[in-house]
Amino acid sequence: MQKRFFLNTVALGLLLAHTGAAMAQEKFKIGLILPMTGPFASTGKQIEAAARLYMAQNGDTVGGKKVELIVKDDTSAPDVTKRIAQELVVNDKVNVLAGFGLTPLALATAPLATQSKTPMVVMAAATSSITQASPYVVRTSFTLPQAAVAMADWAPNNGIKKVVTLVSDYGPGIDAEKYFKDRMLFNGAQVLDTLRVPMRNPDFAPFLQKVRDLKPDALFVFVPSGAGAALMKQFSERGMDKAGIKLIGTGDITDDDILNSMGDVANGVVTSHHYSASHNSPLNKKFVAAFEKANAGLRPNFMAVGGYDGMRVIYEAAKTTKGGNGEALLNAMKGQLFESPRGPMFIDAQTRDVVHNIYIRKVEKVGGQLFNQEFSTIPDVKDPGKTK
Ligand code: VNL
């Protein structure tokens, strides 16, 4: 009798524990780690706004589970990103980690994704090698080699034979410099010098002076999202444009988030990138209008689209796996093919990296506002960094 009572109690306990676990599992948790404060806060703001818009449009239940979006500020410090990711995995038991505003933040977290078998969706960082840092990384942003090679194919055919490069001295800048330079040389152009500025609080003045003395046809620049306005201001103050030196670069320097505040110096600047808020498609028009409406007129930039598409990849994988996690969730992200506000987009199943169009764009005034007007398309660009 006693024994039977004991067994029943154990059974009941197990049942309750099991039910408790099942109830805890009713949620599908997304840990979104972003720089919400500090010099890269605009990236965090754009991505969070885009993720919330995606949820507002697609509902907060997926694969039979309630979606919980947990947003955390890493202040753009890699050790903080890593600690937050650990807490999200161990304490919150998130199904997926997402965000990653800068390359060092993604690289600091990649080993944890591998150890814990947690899919990690990189929505912003764009150094080619990030997808190789963990087999659990899936990227929905872009890669610098994609954009840099496209610009190096366009420039020599458009009167730019001698260039100087100026990049932020870390992962994406070094990728931009290398892939732009190699392709320019391959195309028979000259690279007079390669300059690197500190990633944080760069003073462009001494570098621009050097560029003036070298008198290239154009200066090719990469600086991370948010830093483009300071570059433009100093470019104009140093009289570079008046000295006949054109400014070209990846679209990070004519970022839609701040383009309108850059003024006339930005007008006419040609860049290469995967997204413009003025991309001409019904889906993008809808996206931009909804984003602006939900965010007091804020224009979405390429960070927003990386966040929006990242949520799409997560939602579809959650549907396929009925709110799964680990390798099953990861596998359901691979190979997704869909229309993004940027145009057609594909997650290469082999590399887990994004394949999409790169556009050549020129800043122009449309209805009194500055936009990156796309005028040429290089379709379905894979990351050139993956082919060697
Ligand atoms: C990165 C690349 C960051 C491109 C960016 O802005 C950007 C990165 C914050 O990989 O760190 O525009």
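What you are looking at is a predicted structure, and each value in this text was computed from that prediction instead of being measured. (Residues numbered from 1 in each chain as written. Predicted model: local features only at pLDDT ≥ 70, side-chain atom pairs only at ≥ 80, totals over all residues. Heavy atoms only, no water.)

This next bit is on the pairing of strand 4 (residues 96-99). Because side chains alternate across strand 4, one face comprises the buried residues Val96 and Ala98, and the other comprises Leu97 and Gly99, equally buried. For strand 1 (residues 27-34) and strand 4, the ladder comprises four bridges, and the chain directions are parallel. Bridging from a neighbouring strand, Ile30 pairs with Val96 of strand 4. Across three bridges, strand 4 lies against strand 5 (residues 120-122) in parallel orientation. In the strand pairing of strand 5, Ala98 is matched with Val121. In the classification by handedness, the crossover that spans strand 4, the intervening helix 4 (residues 103-116) and the parallel strand 5 is right-handed. (Buried < 20%, exposed > 50% of the residue type's maximum accessible area, 1.4 Å probe, protein only. Helix = DSSP H or I, 4+ residues; strand = E, 2+ residues; numbered from the N terminus. Pairing = 2+ DSSP bridges. Right-handed = clockwise from strand over helix to strand, strands pointing away.)

Between helix 3 (residues 78-90) and helix 4, the least distance of the axes is 8 Å, while the angle of their chain directions is 30°. Here helix 4 runs roughly parallel to helix 3, going by the angle between their axes. In this structure, helix 3 crosses over helix 4, and the sense of that crossing is right-handed. Taken together, the residues of helix 4 that come into contact with helix 3 (itself represented by Pro78, Thr81, Lys82, Ala85, Gln86 and Val89) are Pro104, Leu105, Ala108, Thr109, Leu112 and Ser116. Residues of the contact of helix 3 with helix 4, tallied by class, amount to seven nonpolar, four polar and one charged. (Axes fitted to C-alpha atoms, helices over the stretch in contact; angles between N-to-C directions. Parallel < 35°, antiparallel > 145°, perpendicular 65-115°, else oblique. Left-handed = near helix turned anticlockwise from the far one by under 90°. Contact = heavy atoms within 4.5 Å. Nonpolar A, V, L, I, M, F, W, Y, C, P; charged D, E, K, R; others polar.)

Here we take up helix 7 (residues 205-214). Turning to helix 7, its buried residues number three or more, namely Ala205, Leu208 and Val211. Buried residues in helix 7, looked at end-on, bunch into an arc of 115°, giving them a common side. On its buried face, helix 7 is in contact with strand 7 (162-168), strand 8 (190-197), strand 9 (218-222) and helix 8 (228-237). Positive phi appears at Lys215, one or two residues downstream of helix 7, with a value of about 50°. (Arc of directions from axis to C-beta.)

As a further point, take the site of the ligand. Neighbouring the ligand are 16 residues; Thr103, Ala126, Tyr170, Ser225 and Asp252 lie closest to it. Contacts to the ligand include Thr103, whose side-chain N or O atom sits 2.5 Å from an oxygen atom. A distance of 2.9 Å separates an oxygen atom of the ligand from a polar atom in the backbone of Ser225. Protein contacts shield 100% of the accessible area of the ligand, which totals 320 Å² for the unbound molecule. Of the residues that constitute the shell around the ligand, the class distribution is 10 nonpolar, five polar and one charged. (Near = heavy atom within 4 Å. Polar contact = N/O pair within 3.5 Å; in protein donor to acceptor, adjacent residues only side chain to side chain. Areas by Shrake-Rupley, 256 points an atom, 1.4 Å probe, with all protein chains shown as cover.)

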